[in-house]
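Overview (structure and organization)
Spelled out from the first residue to the last, the chains are:
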Amino acid sequence: QVQLVESGGGLVQAGASLRLTCAASGRTFSSYSMGWFRQAPGKERAFVSTIRWDGSTNYDDSVKGRFTISRDNAKNTVNLQMTSLKPEDTAVYYCGARHRLDASYGSWGQGTQVTVSS
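Attention in this report is confined to the structure presented alongside it. It should be emphasised that the depicted structure is a prediction, and the values quoted were computed from it without experimental measurement. Throughout this document, residue positions are counted from 1 along each chain, in the order its sequence is written. For this predicted model, a pLDDT threshold of at least 70 governs which residues receive local features, and a threshold of 80 or more governs which side-chain atom pairs are given and counted, while totals over whole chains, interfaces and linings are taken from all residues. The basis for the side-chain values is all heavy atoms of the structure; hydrogens and waters are excluded.

1. Points about the packing of aromatic side chains
To describe a pair of aromatic rings, one takes the distance between the centres and the angle between the planes. Stacked, edge-to-face and tilted are the three classes for Phe, Tyr and Trp ring pairs, Trp counted by its six-membered ring, which pair at centre distances within 6.5 Å; planes under 30 degrees apart are stacked, over 60 edge-to-face, the rest tilted. According to the stated counting rule, one finds 4 aromatic pairs in the structure shown. Clustering of aromatic rings is evident, with ring pairs tying together F37, F47, Y105 and W108. Geometrically, a charge over a ring is one whose NZ (Lys) or CZ (Arg) sits within 6 Å of the ring centre while staying within 35 degrees of the ring normal. In this arrangement the basic side chain of R71 is found over the ring face of F29, its NZ or CZ atom lying 4.6 Å from the centre. The ring of Y105 has R98 sitting right over it, with the charged end atom 5.9 Å from the ring centre.

If you want it as structure tokens, here you go:
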């Protein structure tokens, strides 16, 4: 397992950008697929984006073209660059880690709040 700590959330106006960072502990970070999820008030946690251990990426349709996920295996970090933010992007954003041999995410961060005002 890895320990995850998210940072970079905040309050911004619609159209602005934010960069979230997830810092992971452990020496085998490169063996993990990393994902960003979000949970809006009154809703379930939802998939945003993932970058696999091999570097391949996926995005939810709602963020395609606006969000970019990246990872730095030397620094054990994964970033989510968010542009053209919309009020509907308001949520607590969570970072998750899934070992490449596992079927599900086994580690989660504490979350970081992103609030987008109109």
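Following the structure, the description resumes.
2. Re the environment of V78
To qualify as a helix, a DSSP run of H or I must reach at least 4 residues; to qualify as a strand, a run of E must reach at least 2; elements of each kind are numbered from the N terminus. If you trace the backbone, V78 turns up in strand β8 (residues 77-82). Along the sequence, V78 and Q3 sit 75 residues apart, while their C-alpha atoms lie 13 Å from each other. Contacts: residue pairs with any heavy atoms within 4.5 Å of one another. In this view, V78 contacts L20, T21, C22, F29, M34, W36, I51, I69, S70, R71 and C95; residues no more than four positions away in its chain are not counted.

3. Overview of unusual backbone geometry
Positive phi outside glycine occurs at N76, with the angle close to 55°. Relative to the elements of secondary structure, N76 occurs in the loop between β7 (67-72) and β8. With relative accessibility at 15%, the residue N76 sits in the buried group. The cut-offs for exposure are 20% and 50% of the maximum accessible area for each residue type, with area from a 1.4 Å probe on protein chains only; residues under the lower value are buried, those over the upper are exposed, and the others partly exposed.

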